[in-house]
Amino acid sequence: MEALPRTSIVDVLEDRIREEILTGRHPAGSLLPPERTLAEGYGVTRTTLKHAFGRLVQAGLLETRHGVGTRVRDYERLGGADLLPMLVRHDARWLSEIFEVRRGVGALIAGAAANRAGDAARTRLRELVEAVRTAGDPDAVQLADAEVHRALARATGNRVYALLTNTLFNAYLPMRRHLAGPFQDAEEAYGRLAPVVAAVEEGDGVAARAAAEAYLAATEEIMREGLRSR
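Below: a short report on this structure. (Residues numbered from 1 in each chain as written. Predicted model: local features only at pLDDT ≥ 70, side-chain atom pairs only at ≥ 80, totals over all residues. Heavy atoms only, no water.)

**As for the overall build of the protein chain**
Of regular secondary structure, the protein chain possesses eleven helices and two strands. Starting at the N terminus and ending at the C terminus, the protein chain contains elements arranged as α-α-α-β-β-α-α-α-α-α-α-α-α. In terms of its C-alpha atoms, the protein chain occupies a principal-axis envelope of roughly 65 × 40 × 30 Å. For the protein chain, with 230 residues in total, the buried portion stands at 43%. Taking the contacts inside the protein chain whose residues are at least 6 apart along the sequence as the reference set, 68% of them involve residues at least 24 apart. Working note: accessible area of the protein chain is about 12,700 Å², and carbon and sulfur atoms make up 51% of it. (Helix = DSSP H or I, 4+ residues; strand = E, 2+ residues; numbered from the N terminus. Buried < 20%, exposed > 50% of the residue type's maximum accessible area, 1.4 Å probe, protein only. Contact = heavy atoms within 4.5 Å. Areas by Shrake-Rupley, 256 points an atom, 1.4 Å probe, with all protein chains shown as cover.)

**Quick word on the packing of aromatic side chains**
If you walk through the whole model with that rule in mind, you get one aromatic pair. Sitting over the face of the ring of Y190, R133 holds its NZ or CZ atom 3.9 Å from the ring centroid. (Phe/Tyr/Trp six-rings, centres within 6.5 Å; stacked < 30°, edge-to-face > 60°. Lys NZ or Arg CZ within 6 Å of the ring centre and 35° of its normal.)

**Overview of helix α2 (residues 35–42)**
All buried positions along α2 are accounted for by E35, L38, A39 and Y42. Projected down its long axis, α2 carries its buried residues within an arc of 100°, all on one side. Turned more than 90 degrees off the buried face of α2, the exposed positions are R36, E40 and G41. For α2, the secondary structure elements touched by its buried residues are α1 (9–22) and α3 (46–59). Within two residues after α2, G43 carries a phi angle of roughly 75°, on the positive side. (Arc of directions from axis to C-beta.)

**So, the nonpolar core**
Residues V132, V148, L152, V196 and V200 are the most contacted members of the largest nonpolar core, which totals 50 residues. Core analysis: the second largest hydrophobic core is formed by 21 residues, L38, F53, V72 and M86 among them. (Core = buried A, V, L, I, M, F, W, Y, C linked by side-chain atoms within 4.5 Å.)

**Here's the deal with α1**
Counted at 1.5 Å a residue, the expected span for α1 with its 14 residues is 20 Å, and the 20 Å between its end C-alpha atoms agrees. Three or more residues of α1 are buried, namely V10, L13, E14, I17, R18, E20, I21 and L22. (Expected span 1.5 Å × (residues − 1).)

**Notes on the pairing of strand β2 (residues 69–72)**
Relative to β2, strand β1 (residues 62–65) is paired through four bridges, and the arrangement is antiparallel. What sits directly across from R65, in β2, is G69. Counting the residues in the hairpin turn of β1 and β2 gives three residues, including G67, whose phi is positive at 85°. (Pairing = 2+ DSSP bridges.)

**Considerations on the packing of helix α6 (residues 94–116) against helix α8 (residues 138–155)**
How two helices pack is summed up by the angle between their axes together with the distance between the axes. Where α6 meets α8, the axes come as close as 8 Å, and the angle between the chain directions of the two elements is 55°. One finds that α6 runs oblique with respect to α8. Every pair of crossing elements has a handedness; the one defined by α6 and α8 is left-handed. Contacts between α6 and α8 involve I109, A113 and R116 on the former and, on the latter, L152, A153 and A155. (Axes fitted to C-alpha atoms, helices over the stretch in contact; angles between N-to-C directions. Parallel < 35°, antiparallel > 145°, perpendicular 65-115°, else oblique. Left-handed = near helix turned anticlockwise from the far one by under 90°.)

**Some remarks on the environment of H149**
As for its placement among the helices and strands, H149 is situated in helix α8. When its relative accessible area of 16% is taken as the criterion, H149 is described as buried. In sequence terms H149 and L128 are 21 residues apart; their C-alpha atoms lie 9.5 Å from each other. Excluding anything up to four places from it in sequence, H149 contacts T165, F169, L193 and Y215. Polar side-chain contacts of H149 include one of 3.3 Å to the side chain of D145. (Polar contact = N/O pair within 3.5 Å; in protein donor to acceptor, adjacent residues only side chain to side chain.)

These figures capture arrangement, not role.
As structure tokens, then:
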């Protein structure tokens, strides 16, 4: 039996303030009320409030300046991709924008991987795509599929591609049960992805990019259909 996660008052307060920021109650650029006022309003100590603020500063939603106060950061203008997991959990409409980036970046990665991958990377890709075919259940298929894409990004030799791929998956995987349509049948999932890996193995950048575009378009349509039917 799994132990239930413990939720502290800091967790609850962090979630509350985050929700108020993302729904616009505290607009970007605005100063929050003084700590004493906020602590009294939330019914918490100032120490608890400071801990919650610290987490939200680290998340990129707040910034504090001595003598000025705590301001809501303009996260859409100044934030990084590391905010995506939090934003997707708050508003699933971010997924449409992630899909658009996924299409463009995924095709570029496949083409670059075909042109640059070494023998070890190609061998690893063969192993990982076979793991999609032999995965035991849809969730395992989905996770195995993700590992192929991580490996494709690493095979480019471009660490930014690898980190960006990780960020997109960090945003996507917590919601994967809502996007599981393409992974219900392991053999079909393998059939969609295998041409990408085959083109990379052959060192054909043009074919790899075209195969990736076809894969990404097909899986996106299945995912969108699943979201529409929820």
